[in-house]
Amino acid sequence: MCLTYLFTNLHVLSVMLMCCMFPSMNRDNQSALQHVKDYKPPTDRHQIRILFHGPVGAGRTSFINSVQSVLQGRMYRQALVDNMPSSFTRQYTTYKIPKEDGQSFYPFVFNDIRGLEIRDGVLVDDIKLVLRGHMRDGYKFNPASTLSEDDLFYNKNPSTNDRVHILVLVTNTEFVMDAETVQKIQEIRMEASDLGIPQVAIFTKIDEACPEIKKDLKTVYKVQHLKRKMEKFSADVGIPMNCIFPVENYHEQIKLNSDVDSLILSALKDIINYGDDFINLKKSNERLVSF
């Protein structure tokens, strides 16, 4: 009884503190943000590794920055972004997100890789190595050859934390899927499926899809034009509609916006849940094998 009373009051206090730190957030956003902040992996030594991949200019690094902005309560620019026709990300990069105390990090990390360019993009075999945890942070991608086992950046004995726990395909409303890119994506998806890794997609630049959304982001699930685009994307790559999250990244704004935050938090919450489910399933299978 006393413990229930204590926990209830602690929760109320945490919500009040969040209202002070994030005054523009509505109650649903505060609840989703609290869910992310309270998340703890199955064991203290576990962390969720989230790998982002997709076409050049889709908004992978912008989404990473947007997530960090929402969690920090201010505009945050850790991942470098550039308006270039070719991939600005050249190496395998891990992003840790610091908590408010500045002394610890969230128990999930983001990984960014070179884009899926037709000529100079990341090689599918390199992504397969990343999925299995064989690539060390800082490896500079070579479009001509994949990472070799005798390279210093090759991780011969990956730990559970080195391996990817959820694969996130990032695309945008304006990108037209050519046959070669679709083939690469499907090959990557097949490898992830063989490893049991859950897969979702982030659909960015929804504000550029049509005037209604740009005027009012709350109409995102009502606009048929965007729904048709998402349905075609789903049919092309095979990711179910309920695993595709429409978002608007922070790219021009100088202040946080509650509607933008809402879509980002909704996507992040589900990504973390999928990753957590994967870790728990792996733990359960390991227990069964040990008996």
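Residues numbered from 1 in each chain as written. Predicted model: local features only at pLDDT ≥ 70, side-chain atom pairs only at ≥ 80, totals over all residues. Heavy atoms only, no water.

In the annotation of an unreviewed UniProt entry, the protein is listed under the name Interferon-induced protein 44-like and assigned to Sparus aurata.

Undergrad: Lay out the overall build of the protein in plain terms, naming residues and giving numbers.
TA: Counting secondary structure elements, the protein contains eight helices and six strands. Within the span of the protein, comprising 291 residues, buried residues form 49% of the whole. Of the contacts formed within the protein by residues at least 6 apart in sequence, a portion of 67% connects residues at least 24 apart. Element-wise, carbon and sulfur atoms account for 53% of the exposed surface of the protein, whose accessible area totals about 15,200 Å². (Helix = DSSP H or I, 4+ residues; strand = E, 2+ residues; numbered from the N terminus. Buried < 20%, exposed > 50% of the residue type's maximum accessible area, 1.4 Å probe, protein only. Contact = heavy atoms within 4.5 Å. Areas by Shrake-Rupley, 256 points an atom, 1.4 Å probe, with all protein chains shown as cover.)

Undergrad: Could you give an account of the pattern of salt bridges, naming the residues involved and the relevant values?
TA: Tallying each qualifying case throughout the model produces seven salt bridges. Note that glutamate 191 and arginine 132 form a salt bridge whose closest N and O atoms lie 2.9 Å from each other. Here arginine 132 lies in the loop between α4 (124–131) and β4 (166–172) and glutamate 191 lies in helix α5 (residues 179–194), a separation of 59 residues in the sequence. Among the residues examined, arginine 132 registers a relative accessible area of 37% and is labelled partly exposed. (Salt bridge = Lys/Arg side-chain N within 4 Å of Asp/Glu carboxyl O.)

Undergrad: With reference to specific residues and values, describe unusual backbone geometry.
TA: Among all residues save glycine, negative phi is the norm, and among peptide bonds the norm is trans. One non-glycine residue with positive phi stands out, namely lysine 205, at about 60°. Structurally, lysine 205 is set in the loop between β5 (199–204) and α6 (211–215).

Undergrad: An account of the sheet that holds strand β1 (residues 48–53) is needed here, citing residue identities and associated values.
TA: Judged by pairing direction, the sheet is mixed, and its six strands sit side by side in the order β2-β3-β1-β4-β5-β6 without closing on themselves. Both edges of this open sheet fall to β2 (93–98) and β6 (244–246), since each of them pairs with a single strand only. In this sheet, adjacent strand axes meet at a mean angle of 25° when their direction is disregarded. Bridge count for β2 against strand β3 (residues 105–112) is five bridges, and the pairing is antiparallel. Residue lysine 96 lies in a different strand from β3, and its bridge partner there is valine 109. Where helix α7 (residues 224–237) meets the sheet, it contacts β4, β5 and β6, and its direction lies at approximately 145° from that of β5. (Pairing = 2+ DSSP bridges. Axes fitted to C-alpha atoms, helices over the stretch in contact; angles between N-to-C directions.)

Undergrad: Any details on the packing of aromatic side chains? Residues and values, ideally.
TA: Per the stated rule, a full pass over the model turns up seven aromatic pairs. Centre to centre, the rings of phenylalanine 203 and phenylalanine 233 are 5.5 Å apart; their planes meet at 50°, and the pair counts as tilted. Taken together, the residues span a long stretch of sequence, with phenylalanine 203 in strand β5 and phenylalanine 233 in helix α7 at a distance of 30 residues. Exposure remark for phenylalanine 233: the relative accessible area of 4% places this residue in the buried category. Every member of this aromatic cluster is reached through a ring pair, and the members are Phe52, Phe63, Tyr106, Phe108 and Phe110. The positively charged end of lysine 96 is found above the aromatic ring belonging to phenylalanine 105, 5.8 Å away from the centroid. Here the guanidinium or amino end of lysine 99 rests over the ring plane of tyrosine 106, the centre of that ring lying 5.5 Å away. (Phe/Tyr/Trp six-rings, centres within 6.5 Å; stacked < 30°, edge-to-face > 60°. Lys NZ or Arg CZ within 6 Å of the ring centre and 35° of its normal.)

Undergrad: Pulling in residues and values, what's your account of the packing of α4 against α5?
TA: Where α4 meets α5, the closest approach of the two axes is 10 Å, and the angle between their N-to-C directions is 25°. Relative to α5, α4 is oriented roughly parallel. Helix-helix and strand crossings are classified by hand; for α4 and α5 the assignment is right-handed. In this structure, α4 uses Val124, Ile127, Lys128 and Leu131 to contact α5, whose residues at the interface are Lys184, Glu187, Ile188, Glu191 and Ala192. (Parallel < 35°, antiparallel > 145°, perpendicular 65-115°, else oblique. Left-handed = near helix turned anticlockwise from the far one by under 90°.)

Undergrad: Can you lay out the pairing of β5 for me, pointing to particular residues and giving the numbers?
TA: Counting buried residues in β5 gives six out of six residues, a clear majority hidden from the surface. Pairing geometry for β4 and β5, over six bridges, is parallel. Its bridge partner lying in β5, valine 168 is registered against valine 200. In this fold, β4 hands off to α5, which returns the chain to β5; that crossover is right-handed. Bridging between β5 and β6 involves three bridges; their strand directions are parallel. Note on β6: the bridge partner recorded for alanine 201 is isoleucine 244. (Right-handed = clockwise from strand over helix to strand, strands pointing away.)

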